[in-house]
Amino acid sequence: MSEFVRVATLDQVPFGGSLKVTVGNRPVAVVNCDEGVFAISDLCSHADVSLSEGEVLDCTIECWLHGSQFSLRTGAPLGPPAITPVPTYEVRLIELDGRTHIEVALEPRPFSPEERPQS
Ligand code: FES
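Reading guide: rules and limits
Residues numbered from 1 in each chain as written. Predicted model: local features only at pLDDT ≥ 70, side-chain atom pairs only at ≥ 80, totals over all residues. Heavy atoms only, no water. Pairing = 2+ DSSP bridges. Helix = DSSP H or I, 4+ residues; strand = E, 2+ residues; numbered from the N terminus. Axes fitted to C-alpha atoms, helices over the stretch in contact; angles between N-to-C directions. Buried < 20%, exposed > 50% of the residue type's maximum accessible area, 1.4 Å probe, protein only. Core = buried A, V, L, I, M, F, W, Y, C linked by side-chain atoms within 4.5 Å. Contact = heavy atoms within 4.5 Å.

Asker: Could you give an account of the sheet that holds strand β9 (residues 91-96), naming the residues involved and the relevant values?
Answerer: Strand order across the open sheet formed by 3 strands is β1-β10-β9, with antiparallel pairing between neighbours. Every other strand in the sheet has two partners, leaving β1 (4-9) and β9 as the edge strands with one partner each. Averaged over all adjacent pairs, the angle separating strand axes in this sheet is 35°, with direction ignored.

Asker: Give a description of unusual backbone geometry that names residues and reports values.
Answerer: Trans is the common state for peptide bonds, and a negative phi is the common state for residues other than glycine. For the bond from proline 80 to proline 81, the omega torsion is 10°, close enough to zero to count as cis. If you check the backbone angles, aspartate 48 has positive phi at about 60° while not being a glycine. Of note, aspartate 48 is situated in the loop between β4 (36-41) and β5 (55-57).

Asker: Break down the pairing of strand β3 (residues 26-33) for me, citing the residues and quoting the values.
Answerer: In terms of burial, β3 is largely enclosed, as 6 of its 8 residues are buried. Of the strand pairs in this sheet, strand β2 (residues 17-23) and β3 are connected by 7 bridges, and their pairing is antiparallel. Of the residues in β3, the one forming a bridge with lysine 20 is alanine 29. Hairpin remark: β2 followed by β3, antiparallel, with 2 residues in the connecting loop; positive phi at glycine 24, about 65°. Both β3 and β4 contribute to a ladder of 6 bridges, which runs antiparallel. Along β4, the bridge assignment pairs valine 28 with serine 41. Connecting β3 to the next strand, β4, in antiparallel fashion are 2 residues.

Asker: Which residues make up the sheet that holds β4, and what values go with them?
Answerer: In spatial order, the strands read β2-β3-β4-β8; together these 4 strands make up an open sheet with antiparallel pairing. Taken across any chain shown, the strands that pair with only one partner, and hence form the sheet edges, are β2 and β8 (88-89).

Asker: If you had to explain the nonpolar core to someone new, which residues and values would you point to?
Answerer: Formed by 16 residues in total, the largest nonpolar core has its most connected members in Ile40, Cys44, Leu51, Ile61, Cys63, Phe70 and Leu72. Ignoring anything within four residues of it in the chain, the contact list for cysteine 44 reads Val49, Leu51, Cys63, Phe70 and Val86. Counting residues in hydrophobic clusters, the runner-up holds 11 residues, among them Val23, Val28, Val30 and Val37.

See the structure below:
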């Protein structure tokens, strides 16, 4: 079973937006959208810019530099110029002291092109 780290409270991540956090020593974008809370590497696979500075659209995040969108569920690029998936991480929400805390798995999950249900 994966080890999880607590990274933020839910109220720190704007709905329809993202927050850059550090998981282990890796930059990760935590995204709060219609379909749940997701965690995806904060580095675009095309040129290593910060995905958390991009727009959240449906269940994707768009790189601000050249416009590739990545699935929040799988990390797959949905259009050019990026062609390589970015890692995604399992997320769990914990109720504690009257607040909702976001925990992210320390290790990325293996890439699968299949859509995953949000846990
Ligand atoms: S740097 Fe992200 S699409 Fe080019």
